Amino acid sequence: MASYDGKQVVVVGAGRTGLALTAFFQRRGARVVLSDSRSAADRPELSALAEQGVTLDCGGHSPELFAAADLIAISPGVALTVPAIAAALAQGVPVLGEIEVACRELEAPLVAITGTNGKSTTTCLMGEVFKAWGKRTFVGGNLGTPLIEAVEQGWDWLLAEISSFQLEAIETFCPCYGLLLNISPDHLDRYPDMAAYLAAKQRLFANMAGDDVAVLNADDEQVLALAQQADCRKVLFSTSRVLEQGMSLEGEELVWRWDGRESRFATGQLQLCGSHNLENVMAALIPPLLEGCPEEIAWQAVCAFGGLDHRMVRVRELDGVVWYNDSKGTNVGSVVKSLAGLAAPVTLIAGGRDKGGDYRPLAEAAAGKVIQLILIGEAADRMEQALGSTVAVRRASTLEQAVSLAYQLTPAGGAVLLSPGCSSFDMFASYAERGEAFVRAVNQLPEKGRVAP
């Protein structure tokens, strides 16, 4: 347990994680500076912290406060390239991410789940298994509750979704299970190139060794390459080949083979659908099964799981058209996997803030399946350049207008899918707000009034 008594700590970012870090360091006797790029006028609720002795550094980041710090603790979205942070690093001031601060305090075993897609679903699925087994289980990290809030809570197990951003600022962070689900281009608005993104993901394994376990997608060559140098045990899962050790999809069954034992689970019993969710289920089952969770309990728990909000959620069927909310599909790889679970004809609503990825892989997934692409947001131009020769493209100035267009254009027997392939921040505060706006617009569509295409 680290000592912060009397230390000056600068917490960067005044979102939920930053506020949780501030509370933690205050409890430990630190002199806390809370620094945020937004002005004090935009965050009037922070004035209560000032009354509690927290120094507020709003409207930017003051280099002198950072240089004078004994420690800088950053929230997940904060880059190490922020000038005040970079200058402090150059002067030898330690900079740690929230998960690094937390892991130094935690006593329960930690499972860290990362990858480009499927992190939240896998984390929540595994949480359901451990809870069904009777374990007091923390489920959080990048998907919601910051890991620092798990400190001193007496958990049996800790499950944390971990982003590449969070892995940038670790030193000793070491889960007993590290899951790497998949890799596809993402966050290239943050990273200079794909190699930098891969390097951040690879840090998951930086301190894992001995009996620590890496759970890996055997069908993803980049996943296997990143884990090649990991000095720990490795357990694989695959939807494409039979594994002598690990978990495989074989016909309509998931087959778990370990230490001479074999167990089979019928995939038809799952509420989740799609090949990507089979991967998530396999990954979520492996740590509990290795820890001795009874197979019946584990399987019943994953079968009872209906999915996360804004992730391929069926919203409504209207005039023979099924509407799906996949607002959490914020990169191309996620959209490709969501489309794979639908049959033609599909109207795809996509767009938002461009994250610097390559949209061309979406063209192959859309060919012969997507009859209409309706684009919104800042990325519309780039997306139309990449996909305009493959599918018919329409533009909409608002999400509500996109829903109205899809209502008029999609034939009976088809589907409308909101899967943006982009972040939400050009038009919405979050993917959740975007998804909620979509659901409202879809539910307001009249039962009659559609003009058949």
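Treat the numbers as computed from the prediction; the structure is a model and nothing was measured. (Residues numbered from 1 in each chain as written. Predicted model: local features only at pLDDT ≥ 70, side-chain atom pairs only at ≥ 80, totals over all residues. Heavy atoms only, no water.)

Draft legend 1. Representation of the overall build of the protein within the structure. Each helix and strand in the protein was counted, giving 16 helices and 20 strands. Taking 2.2 N^0.38 as the reference for a compact globule, 453 residues should give roughly 22 Å; the C-alpha atoms of the protein span a radius of gyration of 23 Å, in line with that estimate. Each principal axis of the C-alpha atoms in the protein carries an extent, and together these give about 70 × 60 × 35 Å. Sorting the 453 residues of the protein into buried and exposed places 55% on the buried side. A sequence separation of at least 24 residues applies to 64% of the contacts in the protein between residues at least 6 apart. (Helix = DSSP H or I, 4+ residues; strand = E, 2+ residues; numbered from the N terminus. Rg over C-alpha atoms; globule rule 2.2 N^0.38 Å. Buried < 20%, exposed > 50% of the residue type's maximum accessible area, 1.4 Å probe, protein only. Contact = heavy atoms within 4.5 Å.)

Draft legend 2. View of the nonpolar core. One finds Phe-25, Val-101, Leu-147, Ile-148, Phe-173 and Phe-205 to be the most contacted residues of the largest nonpolar core, which totals 49 residues. What Phe-173 contacts, discounting residues up to four positions off in sequence, is Ile-99, Glu-100, Cys-103, Leu-110, Ala-112, Leu-147, Ile-162, Leu-167 and Asn-207. Counting residues in each nonpolar core, the second largest holds 40 residues, with Val-213, Val-215, Leu-254 and Cys-293 among its members. (Core = buried A, V, L, I, M, F, W, Y, C linked by side-chain atoms within 4.5 Å.)

Draft legend 3. Spatial organisation of the pattern of salt bridges. In total, this model carries 23 salt bridges according to the counting rule given. Across the pair Asp-358 and Arg-360 runs a salt bridge, and its minimum N-O distance is 2.8 Å. Asp-358 gets classed as partly exposed once you look at its relative accessible area, which sits at 30%. (Salt bridge = Lys/Arg side-chain N within 4 Å of Asp/Glu carboxyl O.)

Draft legend 4. Structural view of the packing of helix H15 (residues 399–409) against helix H16 (residues 431–443). For the pair H15 and H16, the least separation of the axes is 9 Å and the interaxial angle reads 45 degrees. As summarised for this structure, H15 and H16 are arranged oblique, according to the angle between their axes. H16 is crossed by H15, and the crossing has right-handed handedness. For the pair formed by H15 and H16, the contact residues are Leu-399, Glu-400 and Val-403 on the first element and Arg-434, Ala-437, Phe-438, Ala-441 and Val-442 on the second. (Axes fitted to C-alpha atoms, helices over the stretch in contact; angles between N-to-C directions. Parallel < 35°, antiparallel > 145°, perpendicular 65-115°, else oblique. Left-handed = near helix turned anticlockwise from the far one by under 90°.)

Draft legend 5. Molecular detail of the sheet that holds strand E20 (residues 415–418). Across the sheet, which stays open at both edges, the 6 strands sit in the order E15-E16-E20-E17-E18-E19 with mixed pairing between neighbours. Edge positions in the open sheet fall to strand E15 (313–318) and strand E19 (392–395), since each of these has one partner strand only. In this sheet, adjacent strand axes meet at a mean angle of 20 degrees when their direction is disregarded. Bridge analysis of strand E16 (residues 321–325) against E20 gives 4 bridges, and the strand direction is parallel. Each bridged residue has a counterpart across the sheet, and for Trp-323 the counterpart in E20 is Val-416. Against the sheet, helix H12 (residues 332–340) touches strand E17 (346–351), strand E18 (370–376) and E20, its axis set at about 165 degrees to E17. (Pairing = 2+ DSSP bridges.)

Draft legend 6. Local environment of the sheet that holds strand E9 (residues 177–180). Spatial ordering of the open sheet is given by E7-E8-E6-E9-E10-E11-E12-E13-E14, a layout of 9 strands whose pairing is mixed. The open sheet has two edge strands, strand E7 (137–141) and strand E14 (261–266), and neither has a second partner. Across the sheet, the mean angle from the axis of one strand to that of its neighbour is 20 degrees, orientation sign disregarded. By the bridge criterion, 4 bridges tie E9 to strand E10 (residues 209–217) in an arrangement that is parallel. Paired with Tyr-177 across the strands is Val-213, a residue of E10. Seen against the sheet, helix H6 (residues 119–132) touches strand E6 (110–114), E7, strand E8 (157–161) and E9 and runs at an angle of roughly 165 degrees to E8.

Draft legend 7. Representation of helix H8 (residues 194–202). Tyr-197, Leu-198, Ala-200 and Lys-201 are the residues of H8 that are buried. All buried residues of H8 lie within an arc of 160 degrees about the axis, which places them on one face of the element. In this structure Asp-193 caps H8, since a side-chain oxygen of it lies 3.3 Å from the backbone nitrogen of Ala-195. (Arc of directions from axis to C-beta. Polar contact = N/O pair within 3.5 Å; in protein donor to acceptor, adjacent residues only side chain to side chain.)

Draft legend 8. Fine view of unusual backbone geometry. A cis amide bond links Ala-344 with the next residue in sequence, Pro-345, at an omega value of 0 degrees. Counting through the fold element by element, Pro-345 comes out in the loop between H12 and E17. Phi angles above zero are rare outside glycine, and His-310 is one such case at about 70 degrees. Relative to the helices and strands, His-310 is located in the loop between helix H11 (295–303) and E15.

Draft legend 9. Spatial organisation of the pairing of strand E2 (residues 31–36). Among the 6 residues that make up E2, 5 are buried, leaving the element largely enclosed by the rest of the structure. Note on the crossover from strand E1 (residues 8–12) through helix H1 (residues 16–27) to E2: the handedness is right-handed. Two strands pair when backbone bridges link them, and E2 and strand E3 (residues 55–58) are joined in this way by 4 bridges, in the parallel orientation. Bridge pairing in E3 places Leu-34 opposite Leu-56. (Right-handed = clockwise from strand over helix to strand, strands pointing away.)

Draft legend 10. Region of the structure containing the packing of H6 against helix H10 (residues 275–290). Where H6 meets H10, the closest approach of the two axes is 9 Å, and the angle between their N-to-C directions is 40 degrees. In terms of their interaxial angle, H6 and H10 are classed as oblique. Judged by the twist between their axes, the crossing of H6 over H10 is right-handed. Residue-level contacts link Thr-121, Thr-122, Leu-125, Met-126, Val-129 and Phe-130 of H6 to Asn-277, Asn-280, Val-281, Ala-283, Ala-284, Pro-287 and Pro-288 of H10. Of the residues in the contact of H6 with H10, the class split is 9 nonpolar, 4 polar and no charged. (Nonpolar A, V, L, I, M, F, W, Y, C, P; charged D, E, K, R; others polar.)

Draft legend 11. How the structure looks around the side chain of Asn-280. Residue placement: Asn-280 occurs in helix H10. Not counting residues up to four positions away in its chain, the partners in contact with Asn-280 are Gly-118, Thr-121, Thr-122, Leu-125 and Leu-181.

Draft legend 12. Representation of the state of the cysteines within the structure. Going through the model one piece at a time under the given rule, you end up with 0 disulfides. Cys-174 carries a free sulfur, and the closest cysteine sulfur to it, the one in Cys-232, is 8.3 Å from it. (Disulfide = S-S within 2.5 Å.)

Draft legend 13. The arrangement of the packing of aromatic side chains in detail. Taken as a whole and judged by the stated rule, the model has 12 aromatic pairs. Here the aromatic rings of Phe-24 and Phe-25 are separated by 5.2 Å at their centres, their planes lie at 65 degrees, and the arrangement is edge-to-face. Assigned by exposure class, Phe-24 and Phe-25 land together as buried. Measuring from centroid to centroid gives 5.6 Å for Trp-256 and Trp-258, while their planes differ by 5 degrees, and the two rings are stacked. Residue Trp-258 is classed as buried on the basis of its relative accessible area, which comes to 18%. In textbook terms, an aromatic cluster arises when at least three aromatic residues are bridged by ring pairs, as seen for Phe-130, Trp-133, Trp-157 and Tyr-177. Above the ring of Phe-165, the side-chain terminus of Arg-190 is found at 3.9 Å from the ring centroid. (Phe/Tyr/Trp six-rings, centres within 6.5 Å; stacked < 30°, edge-to-face > 60°. Lys NZ or Arg CZ within 6 Å of the ring centre and 35° of its normal.)

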